[in-house]
Amino acid sequence: MISGKCGRRAVLLGIGTTAGALALGAHGQDDASASPPSDPLSPTPTSHTFPPQVTAPADPFRPLYHYAPASGNLADPNGLIFHQGEYHLFHQQDGTWAHAVSPDMMHWENLGTALEHDALGLAMSGSCVDDGANTSDLVPGGGLVAIYTSTQGGEAQSLAYSTDRGRSWTRYDGNPVIPNEGRKDFRDPKVFWHEPTTSWVMVVSLGDRIAVYRSGDLKSWTHASDFGEGKGSHAAVWECPDLFPIDDVSTGETRWVLTMSIGDNAETRGSTAQYFIGDFDGSTFFPEDDRVRFTDAGQDFYAAQTFEKVEGRRIWLGWMGNWAYPYSLPTEGWKNQMSIPREVTLTTRDGVRVMLQQPVKELDALRGQAQDIGGLSATDTTTQLGTGRSTELDLVLDVSHASDAWLSLCRGQVGDKLQEVRLGINPADGIFYLDRTDGGLATIPGRDGGTTQFALRREVAYQPVDGKVRLHVYIDQSSVEVFVDDGAPVGSFLVFNDHSAQEIALGAKGTATVVSGAVTPLAL
């Protein structure tokens, strides 16, 4: 979570080209708020037979397979852990920990509020561990321990624990376990067990850096090191860190990844996130290079955390939102959603390591009847590929004969305007882009009471190999997530096009051809 002009607590309560480098497109506020220029490639697309559009539901922007709250304001994921056969998802909701469980990360049961406000203030972001050995002496026989940020007297780190699979929680009577001691920003502890040094490790935000602490019992902590000075992007406050080992699938090496989110700022026109790759010895993180690596090429992926205790996989998800407009989206009675869960690994490209993100395999169970779109093409026009706002699109495109090629999603004529969101490749300029300048929403109320731009374009450096690109896309009513090639780059966008805009099309300047692919409806 972020401390901005109004202060982090106020926002929580609803008051007031290096590797992976991102760039905002040229569409500024004046451009996006004006009528869009006519597009010679946007007339009626080539006709094919596709299923009819669905009737607009009463809550048209509520996702079908992304987690969203029944009501209230969702923000950072907290305490992600697999415990006794259940995936536990806690999340920020007005300074409390809301709680849901799932057998498969798709079907969620809401368990209400796990951590309310107490005498130490809000229960801000944090993590959960399985203290099976009862190192804390709080959970005889084993149980869950939550480590979170309390706020009374300044941000500090506190504990709560559960011995009944997270159904009820007790605050530790010795809170806070790490007091504030005059710090301005001191929050979002992520804790894990480091087996080589038989110790609990905490990474926690200190504003412009990440601090590492160590403990044997979760109650007494010793500061070990700091990371961040002169490293990465410092466009705004650092928060919501995570630290975990994953494999480089191209070399077989295991490396450590340190991730953190970056608060709302003018440089990236909103909040964003970044990561570092290196080694960790239990006390200190050692980056292997000084590259700036952004986590997501889109606008709406923040505060991502990984699940603890998932055997053989490292899975994370993030809040699909942005601190430029945290709780002002045009939904009724509820705000925000999580991304789909993603499995993360590493690979090495041209001597540089990058993170790969792939949709988890559990999503496959949601598939309906796939429609083959192999062989369809567009030459200086658009060709319809399908319809749907709860849809998976997985295809390989040949863009070797195109100067620009794109997927047009959530597309349709709404009044006198064509609404669409584009995911595209400009091979000549070496760019992959996400563009919602012709979506259904131009501006939106901002976090500090003003107006912020919603209609924008994001770009990231990208070059297809042999003129071909794989685009794996998930559309879910008010969101689009795209995974390029083997999972890098990845882009996440909220979209609020009118629900009648259901078409999916391929567009090109020059010729783009679907080498292979399918459009598949998704449903729980």
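Note that the structure is predicted; figures quoted are calculated from it, not measured. (Residues numbered from 1 in each chain as written. Predicted model: local features only at pLDDT ≥ 70, side-chain atom pairs only at ≥ 80, totals over all residues. Heavy atoms only, no water.)

Caption draft 1: Fine view of the overall build of the protein. Of regular secondary structure, the protein possesses two helices and 38 strands. Taken over 524 residues, the protein has a buried fraction of 61%. Carbon and sulfur atoms make up 48% of the accessible area of the protein, which amounts to about 18700 Å² in all. (Helix = DSSP H or I, 4+ residues; strand = E, 2+ residues; numbered from the N terminus. Buried < 20%, exposed > 50% of the residue type's maximum accessible area, 1.4 Å probe, protein only. Areas by Shrake-Rupley, 256 points an atom, 1.4 Å probe, with all protein chains shown as cover.)

Caption draft 2: Representation of the packing of aromatic side chains within the structure. Enumeration over the complete set of coordinates arrives at 25 aromatic pairs. When the ring of Tyr-302 is compared with that of Trp-319, the centres are 6.0 Å apart and the planes differ by 85 degrees; the resulting orientation is edge-to-face. Here Tyr-302, found in strand β20 (residues 302-306), pairs with Trp-319, found in strand β21 (residues 315-320); they are 17 residues apart in sequence, far enough to count as distant. Consider the rings of Trp-323 and Tyr-327, whose centres lie 6.1 Å apart with planes at 80 degrees: the pair is edge-to-face. The burial state of Trp-323 is the same as that of Tyr-327; both residues are buried. A network of ring pairs unites the aromatic residues Phe-61, Tyr-325, Phe-454 and Phe-496 as a single cluster. One Lys or Arg, Arg-183, reaches over the ring of Phe-186 and ends 4.2 Å from the middle of that ring. For Arg-457, the ring lying beneath its charged end belongs to Tyr-433, and the centroid distance is 3.9 Å. (Phe/Tyr/Trp six-rings, centres within 6.5 Å; stacked < 30°, edge-to-face > 60°. Lys NZ or Arg CZ within 6 Å of the ring centre and 35° of its normal.)

Caption draft 3: Fine view of the sheet that holds strand β3 (residues 77-83). Across the sheet, which stays open at both edges, the four strands sit in the order β3-β4-β5-β6 with antiparallel pairing between neighbours. Each end of this open sheet is capped by a strand with a single partner; those strands are β3 and β6 (109-115). For this sheet, the mean inter-axis angle between neighbouring strands, taken without regard to orientation, is 20 degrees. Of the strand pairs in this sheet, strand β5 (residues 96-102) and β6 are connected by four bridges, and their pairing is antiparallel. By the bridge assignment for β6, Ala-100 is matched with Asn-110. (Pairing = 2+ DSSP bridges. Axes fitted to C-alpha atoms, helices over the stretch in contact; angles between N-to-C directions.)

Caption draft 4: The arrangement of the side chain of Asn-426 in detail. Among the secondary structure elements, Asn-426 is positioned in strand β30 (residues 417-426). Of the residues examined, Asn-426 reaches a relative accessible area of 15% and is grouped as buried. In terms of polar contacts, Asn-426 uses its side chain to reach the backbone amide nitrogen of Asp-429, at 3.2 Å. (Polar contact = N/O pair within 3.5 Å; in protein donor to acceptor, adjacent residues only side chain to side chain.)

Caption draft 5: Geometry of the pattern of salt bridges. For the structure on display, the rule yields 36 salt bridges. The partner of Asp-118 in a salt bridge is Arg-171, and the shortest N-O contact between them spans 3.6 Å. With Asp-118 in the loop between β6 and β7 (126-130) and Arg-171 in strand β10 (residues 170-171), the pair connects residues that are 53 residues apart, well separated along the chain. Here Asp-435 ties to Arg-457 by a salt bridge, and the two come within 3.5 Å at their closest N and O atoms. (Salt bridge = Lys/Arg side-chain N within 4 Å of Asp/Glu carboxyl O.)

Caption draft 6: Layout of the sheet that holds strand β11 (residues 187-194). If you trace the four strands from one edge of the open sheet to the other, you get β11-β12-β13-β14, paired in antiparallel fashion. Where the open sheet ends on each side, the last strands, each with one partner, are β11 and β14 (222-227). The sheet shows a mean angle of 25 degrees between the axes of neighbouring strands, taken without regard to direction. Bridging between strand β13 (residues 210-215) and β14 involves five bridges; their strand directions are antiparallel. By the bridge assignment for β14, Tyr-213 is matched with His-223.

Caption draft 7: View of the pairing of β11. Taking burial as the measure, the eight residues of β11 include seven buried ones, the bulk of the element. When β11 meets strand β12 (residues 199-205), the two strands line up antiparallel, connected through six bridges. Its bridge partner lying in β12, Val-191 is registered against Met-202. Joining the antiparallel neighbours β11 and β12 is a turn of four residues, in which Thr-198 adopts a positive phi near 40 degrees.

Treat this as a map of the structure, not an account of what it does.
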